[in-house]
Amino acid sequence: MHGFKQVVVKSPKVKYCEDYIDAIYDYHSNQVDVDKDVLVVKPVVTCLNIRTGRKVPRVGVMLVGWGGNNGSTFTAALLANQSDTTWKTKLGELHPNWFGSITQASTIRIGCDKDGKDVHCPMSQLLPMLKPEDIVVDGWDISSFNLAEAAERARVLDWNLQQKLQPTMKKLRPRPSIFDPRFVAANQTDRADNVISGNKWHQMETVRKDIREMKAHNQLDEVIVLWTANTERFCSVERGLNDTADNLLASIKSDAVEISPSTLFAVASILEGATFINGSPQNTFVPGCVELAETHGVFIGGDDFKTGQTKLKSVIVDFLVSAGIKPLSIVSYNHLGNNDGRNLSAPDQFKSKEISKSNVVDDMVESNHILFKNGEKPDHCVVIKYIPSTGDSKRAMDEYSSELMLGGTNTIFIENICEDSLLAAPIMLDLIILAELCKRIQIRPNDGCSAFYSMHPVLSILSYLLKAPLVPSGTPVVNALFKQRSCIENVLRACLSLPPEHYMFLENKVHSDVLR
């Protein structure tokens, strides 16, 4: 079952046209009411018409922090995969790939063949998706290093691979970026030799001009802006400052101190109609910024790339709670030696990261009132230390202490050594590809007369890839990893009128005559 290039659904509920795929989909949900001590459940079925555009636009991505470890690694990965660059190491000749990307290196079960064997297809083949080799990259950085120099400074890639890519990466130089020392650690100042001058409104307008230039020069249909720069401290959220879209724009015009560089980039992107994704933990999306995105119908997503330790934590705690085991404490220790770790050595920047890492278990804890009563939570401690010799190879150690029946205890200790930027780069790719796909999905009630609606500007579908998922107001936050993955998978299925994967396999559990 290998080598196929697309999935075609034969169903009266699916129509393939030249420009789109039209699917009729029955969305099942449950409405629950509490009547004294009885939960009354009413199943609800809503018939929807989901339309997915088939033409993939020409897309460019602009990275904020292009010359950092993540930005230079992502760019090298794009170039290596585009040209199928091979390089030699002590293990032999290596070929580029996108291991770590769910769109490029994972599969989805779509059913069984006539012999009853499972059939899986690459996620990238389920719907028309942006191909990595077609992405055009550009960006900003406070450092003037070209991308070859940036990759050498990062010390992430094998030297032989760097040499192979050096002629191309030397030609790539970041645009000047916004630098405000009030929002990052003081130790970042020595890198800041490539900055946009002027007040905040001028800085924001310069970013808007850069987006327009990049789009026009490369003849792009759309641009996605992704923040992969330093973690900022949290900015204040105040009435009259950034609580509404109008107040936020007025505050930028008045050069208000508490408007962060990341919020300036987000506002510039929204005003240019460019999707903005925040890959760091700070509160970029202040209420006024979210309102601006909703008003303009521009996608935003965040916060903070979910790569190693936090992803594992969301799996372990989900396992414990769903098994009826009560986590009492979660103690996480990290040490890393890249520039991210250097910046996080400052207390205010660490606080931003601590918040994004600490909230990752909340929904799992709140789902089980048998284990956790009256708002009770596990003790959760996060420590990050900057150890330069570690480089980009992050060390993460976690201890999970839990209560078993009759006063018993259980302790799980995990050490996770991971190359941070090699985990982040494929996640950046997935964020770009899925965000672009969402722009081509429209939904309406299947009544034949209602207008189509785009997906909500706050892209909660990206939660699998982000530590502190940004969700629309009033929407529950889901952190459990497999629920987040199922969300992505089942939205893609719905676009083809395929039911969610339930893994019941009743055909293997009941008499064969039942499911004829």
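Describing the packing of helix 6 (residues 245-253) against helix 8 (residues 287-296)
Thought 1: At a closest axis distance of 7 Å, the pairing of helix 6 and helix 8 adopts a crossing angle of 115 degrees. Here helix 6 is positioned roughly perpendicular relative to helix 8, judged by the angle of their axes. In the packing of helix 6 onto helix 8, the handedness of the crossing is left-handed. Touching Ala245, Leu248 and Leu249 of helix 6 are Gly288, Cys289, Glu291 and Leu292, all from helix 8.
Thought 2: In terms of residue class, the contact of helix 6 with helix 8 is built from five nonpolar, one polar and one charged.

Comments concerning the pattern of salt bridges
Thought 1: This model, assessed by the stated rule, comprises 22 salt bridges.
Thought 2: Across the salt bridge formed by Asp138 and Arg175, the nearest N and O atoms sit 3.0 Å from each other. Of this pair, Asp138 sits in strand 9 (residues 136-141) while Arg175 sits in strand 10 (residues 175-176), and the two are 37 residues apart along the sequence. In this structure, Asp138 and Arg175 share a single accessibility class: buried.

What about the sheet that holds strand 11 (residues 222-227)?
Thought 1: Spatial strand order, 10-9-4-11-12-13: six strands in an open sheet with parallel pairing. The two strands at the open ends of the sheet, each matched to only one other strand, are strand 10 and strand 13 (300-302).
Thought 2: The pairing of strand 4 (residues 59-64) with strand 11 spans six bridges and is classified as parallel. Its bridge partner being in strand 11, Gly60 is matched across the sheet by Val223.
Thought 3: In the packing of helix 13 (residues 420-439) onto the sheet, the strands contacted are strand 4, strand 11 and strand 12 (275-278), and the crossing angle to strand 11 comes to about 140 degrees.

What about a nonpolar patch on the surface?
Thought 1: Together, Val32, Val34, Leu39 and Val41 give the surface a local cluster of nonpolar side chains, amounting to about 390 Å² of exposed area.
Thought 2: Elements represented by at least two residues in the nonpolar patch include exactly strand 2 (20-35) and strand 3 (38-53).
Thought 3: Here Val41 is to be found in strand 3.
Thought 4: Given a relative accessible area of 49%, Val41 falls into the partly exposed group.

Rules used throughout
- What you see as residue numbers is a count from 1 along each chain, following the sequence as written.
- In keeping with the predicted nature of the model, local features appear solely for residues at pLDDT of at least 70, side-chain atom pairs appear and are counted solely at 80 or more, and the whole-chain, interface and lining totals rest on all residues.
- Neither water nor hydrogens contribute to the side-chain values; these are computed over all heavy atoms in the structure.
- In this analysis an axis means a line fitted to C-alpha atoms, helices contributing only their contacting stretch, and an angle means the value between N-to-C directions, from 0 to 180 degrees.
- Secondary structure counts use DSSP, requiring at least four H or I residues in a row for a helix and at least two E residues in a row for a strand, with both numbered from the N terminus.
- Orientation categories follow fixed angle ranges, with anything under 35 degrees roughly parallel, anything over 145 roughly antiparallel, 65 to 115 roughly perpendicular, and all other angles oblique.
- Each crossing gets its handedness from the near helix: less than a right angle anticlockwise from the far helix is left-handed, clockwise is right-handed.
- Two residues form a contact once any of their heavy atoms are found within 4.5 Å.
- In the scheme used here, Gly and all other residues not listed as nonpolar or charged are polar, with Ala, Val, Leu, Ile, Met, Phe, Trp, Tyr, Cys and Pro taken as nonpolar and Asp, Glu, Lys and Arg as charged.
- For salt bridges, the criterion is a side-chain nitrogen of Lys or Arg within 4 Å of an Asp or Glu carboxyl oxygen.
- For the exposure calls, accessible area comes from a 1.4 Å probe over protein chains only, and a residue counts as buried if that area is under 20% of its type's maximum, exposed if over 50%, partly exposed in between.
- By this definition, two strands are paired if DSSP reports at least two bridges between them.
- Like-charged residues within 9 Å of one another, or nonpolar side chains (Val, Leu, Ile, Met, Phe, Trp, Tyr) within 5 Å, are grouped into patches, provided each residue has over 30% relative accessible area and no salt bridge.
- Under the convention used here, a 1.4 Å probe and the Shrake-Rupley method define accessible areas, while residue burial counts only the protein chains that appear.

Purely geometric stuff here, so don't read any function into it on its own.
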